[in-house]
Amino acid sequence: MEKLIRFQMLNSRSRYKLFNNKFSKVGNLHLSTAFRSSKLSQPKKTQKCSSKNEEETSSMASLFNQITEILGVGNITPDETPSAISILNPTYVRDVGFNQESPSGMQAVCRNAEESVLMKKEENLSVSDDVKRGNGVEFDVSPVVHEITQIVRDEHSVVSMEERLENSGIRCEPGIVEKVLKRCFKVPHLALRFFKWVKEREGFCHNTETYNTMLYIAGESKNFWLVEELLEEMEEKSCNKDIKTWTLLISQYGKAKLMGKALSMFEEMRRYGIEPDAAAYKMIISSLCNAKNCELALEFFKEMVQKEIALDLTMCKRLLNCLARSGNSVAVHSVAEDMTRVFQIPEREVYDHVLRSFCISGRIKEALEIIRDLKNKELSLNPGYFEILVKGLCKADRMTDALEIVDIMKRRQLVTSDVYGILISGYLRRNDLSKALDLFKSMKESGYFPTTSTYTELMQRLFRLNQYQKGCELYNEMLDNGIEPDIVAITAIIAGHVQQNHISEAWKVFESMEEKGIRPTWKSYSVFIKELCKVERTGEILKVLNKMQASKVPIRDEVFDWVMSCMERKGEMNNVEKVKQMQRILTSHSQVGEASGNNIASGEDPSLELNHNHPEIERTDCNLIEPFLRNYSEHDLQQVFRILSSPMNWCLMQEALEKCSVQFTPELVLEILRKCSLQGKAALLFFSWVGKQAGYQHTTETYNMAIKIAGCGKDFKHMRNLFYEMRRRGCSITPDTWAIMIMQYGRTGLTEIALRTFSEMKSNGHNPTASAYKYLIISLCGKKGRKADEAIKLFQEMIQAGQIPDKELLEIYLSCLCEVGKLVEARSCTDSLSKVGYTIPLSYSLYVRALCQAGRLEDALEMIDNVETERSTLEHYVCGSVVHGLLQKGRLEEALAKVGSMKKTGICPTVHVYTSLIAHFFKGKQIERALEIFEKMKQEGCQPTVVTYSALIQGYMNVGKVVEAWNLLHQMKMKGPVPDFKTYSMFIGCLCKAGQSEEAMKLLSEMQENGIVPSTVNYRAVFFGLNREGKQDLAKIVLQQKSALRSKRKLLI
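Residues numbered from 1 in each chain as written. Predicted model: local features only at pLDDT ≥ 70, side-chain atom pairs only at ≥ 80, totals over all residues. Heavy atoms only, no water.

Draft legend 1. Focus on the overall build of the protein chain. Within the protein chain, the secondary structure is distributed over 56 helices and zero strands. Across the 1053 residues of the protein chain, 53% fall into the buried class. For the protein chain, the computed accessible surface area is about 46200 Å², with 49% contributed by carbon and sulfur atoms. (Helix = DSSP H or I, 4+ residues; strand = E, 2+ residues; numbered from the N terminus. Buried < 20%, exposed > 50% of the residue type's maximum accessible area, 1.4 Å probe, protein only. Areas by Shrake-Rupley, 256 points an atom, 1.4 Å probe, with all protein chains shown as cover.)

Draft legend 2. Here's a closer look at the pattern of salt bridges. Applying the stated criterion across every chain, the model contains 35 salt bridges. One salt bridge in this structure joins Lys-659 and Glu-655, with 3.7 Å as the shortest N-O distance. Pair noted here: Lys-659 and Glu-655 are both in helix α34 (residues 650-659), with a separation of four residues, about one helical turn. Because the salt bridges share partners, they merge into one network encompassing Arg-270, Glu-275, Glu-303 and Lys-307. (Salt bridge = Lys/Arg side-chain N within 4 Å of Asp/Glu carboxyl O.)

Draft legend 3. Representation of the packing of helix α14 (residues 259-271) against helix α15 (residues 278-290) within the structure. For the pair α14 and α15, the least separation of the axes is 10 Å and the interaxial angle reads 160 degrees. By the angle class used here, α14 and α15 are roughly antiparallel. For the element pair α14 and α15, the recorded crossing hand is left-handed. When α14 is examined against α15, the residues Met-259, Ala-262, Leu-263, Phe-266, Met-269 and Arg-270 are found in contact with a partner set consisting of Ala-280, Tyr-281, Ile-284, Ser-287 and Leu-288. Taken together, the residues of the contact of α14 with α15 sort by class into nine nonpolar, one polar and one charged. (Axes fitted to C-alpha atoms, helices over the stretch in contact; angles between N-to-C directions. Parallel < 35°, antiparallel > 145°, perpendicular 65-115°, else oblique. Left-handed = near helix turned anticlockwise from the far one by under 90°. Contact = heavy atoms within 4.5 Å. Nonpolar A, V, L, I, M, F, W, Y, C, P; charged D, E, K, R; others polar.)

Draft legend 4. Layout of a positive patch on the surface. On the surface, Lys-257, Lys-292, Arg-325 and Arg-642 cluster together into a positively charged patch. Residue placement: Arg-325 occurs in helix α17 (residues 313-326). Classification of Arg-325 as partly exposed rests on a relative accessible area of 32%. (Patch = residues over 30% accessible without salt bridge, like charges linked within 9 Å, V, L, I, M, F, W, Y side chains within 5 Å. Lys, Arg positive; Asp, Glu negative; His and termini not counted. Charge placed at Lys NZ, Arg CZ, Asp CG, Glu CD.)

Draft legend 5. Looking closely at the packing of aromatic side chains. The full count for this structure, using the stated rule, is 26 aromatic pairs. Considering the side-chain rings of Phe-266 and Phe-300, the 4.9 Å spacing of their centres and the 75 degrees angle between planes classify their relative orientation as edge-to-face. Taken together, the residues span a long stretch of sequence, with Phe-266 in helix α14 and Phe-300 in helix α16 (residues 294-307) at a distance of 34 residues. Summarising the burial analysis for this pair, Phe-266 and Phe-300 share the class buried. An aromatic cluster of at least three residues, connected via ring pairs, comprises Trp-507, Phe-510, Tyr-525 and Phe-528. Between Arg-556 and the ring centre of Trp-522, over which it is positioned, the NZ or CZ distance is 3.7 Å. (Phe/Tyr/Trp six-rings, centres within 6.5 Å; stacked < 30°, edge-to-face > 60°. Lys NZ or Arg CZ within 6 Å of the ring centre and 35° of its normal.)

Draft legend 6. Examining helix α28 (residues 503-515) more closely. If you check α28, its first and last C-alpha atoms are 19 Å apart, about what 13 residues at 1.5 Å a residue would give, namely 18 Å. Within the span of α28, buried status applies to Ile-503, Ala-506, Trp-507, Val-509, Phe-510, Ser-512 and Met-513. Lining the buried residues of α28 we find α26 (468-480), α27 (487-499), α29 (522-534) and α30 (538-550). Gly-517, located one to two residues past α28, shows a positive phi value of around 75 degrees. (Expected span 1.5 Å × (residues − 1).)

Draft legend 7. Here's a closer look at the environment of Lys-822. Here Lys-822 lies in the loop between α43 (807-819) and α44 (823-832). A C-alpha to C-alpha distance of 8.9 Å links Lys-822 and Ala-788, two positions 34 residues apart in sequence. With residues near it in sequence (within four places) discarded, Lys-822 still touches Ala-788, Asp-789, Ile-792 and Leu-817. A polar contact is formed between the side chain of Lys-822 and the side chain of Asp-789, at a distance of 3.2 Å. (Polar contact = N/O pair within 3.5 Å; in protein donor to acceptor, adjacent residues only side chain to side chain.)

Draft legend 8. Layout of the nonpolar core. Grouped together as the largest cluster of nonpolar side chains are 162 residues, with contacts concentrated most on Phe-194, Ile-285, Phe-301, Ile-529 and Leu-545. Residues within four places of Ile-285 in sequence aside, it is in contact with Ala-297, Phe-300, Phe-301, Met-304, Leu-311 and Met-315. In terms of nonpolar packing, the next biggest core, distinct from the first, is built from 143 residues, Leu-670, Ile-709, Ile-792 and Ile-864 among them. (Core = buried A, V, L, I, M, F, W, Y, C linked by side-chain atoms within 4.5 Å.)

Draft legend 9. Geometry of the side chain of Thr-757. For Thr-757, the location among the structural elements is in helix α40 (residues 751-763). At 2.8 Å, the side chain of Thr-757 and the backbone oxygen of Ile-753 are in polar contact. Not counting residues up to four positions away in its chain, the partners in contact with Thr-757 are Arg-720, Trp-738, Met-741, Ile-742 and Tyr-745.

Draft legend 10. The arrangement of the environment of Ser-425 in detail. By the secondary structure assignment, Ser-425 is in helix α23 (residues 417-429). For the pair formed by Ser-425 and Lys-391, sequence separation is 34 residues and the distance between their alpha carbons is 9.6 Å. Within polar-contact distance, the side chain of Ser-425 engages the side chain of Glu-457 at 2.5 Å.

Draft legend 11. Up close: the side chain of Thr-213. By secondary structure assignment, the location of Thr-213 is in helix α11 (residues 208-220). Given the relative accessible area of 7%, Thr-213 is considered buried. When sequence neighbours within four positions are dropped, the list of residues in contact with Thr-213 reads Glu-178, Leu-181 and Lys-182.

Draft legend 12. Quick peek at α44. Looking only at α44, the buried set comprises Ala-826, Cys-829 and Thr-830. Buried residues along α44 cover an arc of 100 degrees about the axis, so they all sit on one side. Considering only its buried residues, α44 is in contact with α42 (788-800), α43 and α45 (840-853). (Arc of directions from axis to C-beta.)

Draft legend 13. Structural view of unusual backbone geometry. For Lys-222, which is not a glycine, the phi torsion comes out positive at approximately 60 degrees. Examined against the element boundaries, Lys-222 turns out to sit in the loop between α11 and α12 (224-236). Located in the positive-phi region is Ser-238, a residue other than glycine, with phi close to 55 degrees. Along the polypeptide, Ser-238 turns up in the loop between α12 and α13 (243-255).

Draft legend 14. Region of the structure containing the confidence of the model for the protein chain. Per-residue confidence for the protein chain gives a mean pLDDT of 75, with 79% of residues at or over 70. Mean pLDDT values for the elements of the protein chain range from 30 in helix α5 (residues 90-96) up to 91 in helix α53 (residues 981-993). A low-confidence stretch, residues 1-56 (pLDDT under 50), is modelled with 75 contacts involving residues beyond four sequence positions or located in other chains. (pLDDT = per-residue confidence, 0-100.)

Draft legend 15. Geometry of the state of the cysteines. According to the stated counting rule, one finds zero disulfides in the structure shown. With no disulfide of its own, Cys-205 has Cys-239 as its nearest cysteine by sulfur position, at a separation of 7.0 Å. Judged by relative accessible area, which is 52%, Cys-205 ranks as exposed. Among the cysteines around Cys-566, which has no disulfide bond, Cys-533 carries the closest sulfur, lying 4.7 Å off. (Disulfide = S-S within 2.5 Å.)

Draft legend 16. Geometry of the packing of helix α22 (residues 399-411) against α23. Running from N to C, α22 and α23 point in directions that differ by 165 degrees, and their axes come no closer than 11 Å. As far as their axial angle goes, α23 and α22 are roughly antiparallel. As α22 packs across α23, the resulting crossing turns out to be left-handed. Taking contact as the criterion, the partners of Met-399, Ala-402, Leu-403, Val-406, Met-409 and Lys-410 in α22 are, on α23, Val-419, Tyr-420, Leu-423, Gly-426 and Tyr-427.

Shown next as structure tokens:
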């Protein structure tokens, strides 16, 4: 609880000051006069009066006039300082994030540059990783280290790591252990096992270096409970903590945004008798700047200055940017003065960084004052100052002032193509395409060649406004002028061609990339696929997916969702199956597929589809909320997300939102809501706040997302209020809006209200869509609030209305009918599927699977015997379900015979079959046979899914092998497939039954960290388990956590 209190201390500005005073006493820190005055000068919230605004406007106009006079006559000296960075260097502009503030198409324009920077970072990381793993010159890659590392990293061996290490006879020394750990930092669960094993060896004792390495590994994997455990162990073993230990802890907690812990580590370091060095200060200042705690960062900076500890230029710039964003101009000047006086950085270079910081943060008045100060100090002007000011003015939507600066630049022959590009971006930000095109024409007439970025921005805007011909003309003009298009420009023209259904032209451009030596990125592929989905060209979509697969470009789940949604709308179920199969093969981290349909504890069939009937599993259907093409800044998105996901209360969040200079658009707001959906309360408060901002208006899509978020938090009153507000404001209510509300009522078992909403939808003149029918029928088929007769009526109505049910709905519907004994209706449904495009084998395979899941094995076998058409194909489809059904009935020999007959006909057993066998052998406590099946499965190239691993975890728990179960979970988290809701729920239940409810309690927090919402059942299991074990205090904390989660997700408590 002490740690929680310390963290909460950081949530208000007054408490920051208390913490600062505490640090002042420890470090004998004295604030400079300048900083004290800066605190007094911080703006306070007062009522804005018109007279004050007029004075400020007049003052600003006067200041701007002074600056234009200075710029018009001041001396200009090229910046020749080696350490200075020219404003014309585009890489630097990207690094400070200035480009990311641009609107609409600008983000896409700069994305190619961002990707190149990221590639360089990845290359640097790979070099760093090699060094950490002992492949570089830093570590001694001895045969002993190599042999031990091979044993530790070989987690698929039948013999355990510990046993192989024992049999090797190798004697471990701390130096060797440290090197082995460093080579295993990417597999933290294995590193930890080795660390624990070697600790138990006779005569071995971990030293500071081995603990430091293990602390680093734990921190990098965000396993902070292990970090705490290791620190306690160091205390118990009287192992000294050195400066590296403390710096490492500060860094890891800071990177995880756990600033309370980072600060407490800094304080404890001092208590421990170790004085912070430059690296420790750099870590704490960097972390505080990232967390936007600029006041506290400045305290540490002043302390460094007092102690004459040098801080590098990068950190100084980061601190300047942070302070400028907060509006503390006095503190900015104070830091600048110290940079010149203490760190001996040339004054002109310091002014360059200060000016840049103010412009990045949109503080135009302060930026103009910097120019005046330069004049007063008789310092010559750097040519880069002009461009910085133009960017800042355009960002602040002061285009007239920006044009005035450019006129001065023209007179002084300082204008470049980049300057014109900045102005064009400014006009596009204002949605003033005509002025952007006029300026574009003017720059060419003046002899300036537009950059690739400028061409791309204009093309994207023209395509978005359906001016296809003009967009193509721009692209051809770019080629004629000898300007090589980059990947973003090529992606833009491809999107334009597809939007007009000119698919062959799109492919020609796409294939031309290879001729130009440009490798398509996942982003270019995803844009291509998204546009093809919009025009429903499924054949071309499959072609692009195959190209992605062949090029080894990762395909994200969202791309698969778009594709399957498009194919389901067209009723191409065979293609949907192909795509799902591809997803299962390619994506080891996927939570879709065979995984979630299985309930291992109850022995249900591990079917291949996601079970959307579970009330706690949330998924945004791509049919319901149409994704926008991205035309917002990733920087803006992350900035708002950090605010809304912070532990601040809403008043502080609102204050932070008002300070940030983000231009909100419906596209950006939709993505913010989507990203913050787990922070339901904050997301809905933000939705209300942004709707009141000048120049912004919510759309149907943003309302739909807000309605979904309210429903996911079971805040149905607010969900309805949003619906009524949507109607009052004249926003279009679509069938998808109704479908979302039906889905949210249905997923919690409120089937009566879902039915009433469905009737209300029809009475309001809306024809139900396939999604509305689907989610209502799914809710009626659920265990909670099941109404099978109503489901049958609605399903028949759906077919009569010409809506085609997808495979997911059919599986749930048929399973429900088989479970309640309505076999006639189930058979009738199966027979009718051929009329809506389903093949006979697929139709009957769905029915057979449903029968097997319901325990009606004999009926399923009889059904197979009675089918005459395409029987071999049907047997292929249903083999897994039949094997599972036989195992449920205890008929092992028949199941094995079935598998054998499959192999004889050339059919390899599916992952479904192997998983069923593993679960069966574990249930009979035949551990060796279960593991033998698991190894055989991998040898035959059948990749285990999340269901397979979940079956193994449950099997280990049932036979008392708790350590092995934990090791397997850690392996899933590190190497995939990622544990899903079902996996966590099953493991929590097993741990509570085994008397380890405290360990289960940790999983509740882990679920939320991984974006999975624990259910009421999860909390209840841990609560009762802790009470049974006599841990009433912890049980109370679980109730508090449950209440906190509810408060976090629900607006109206």
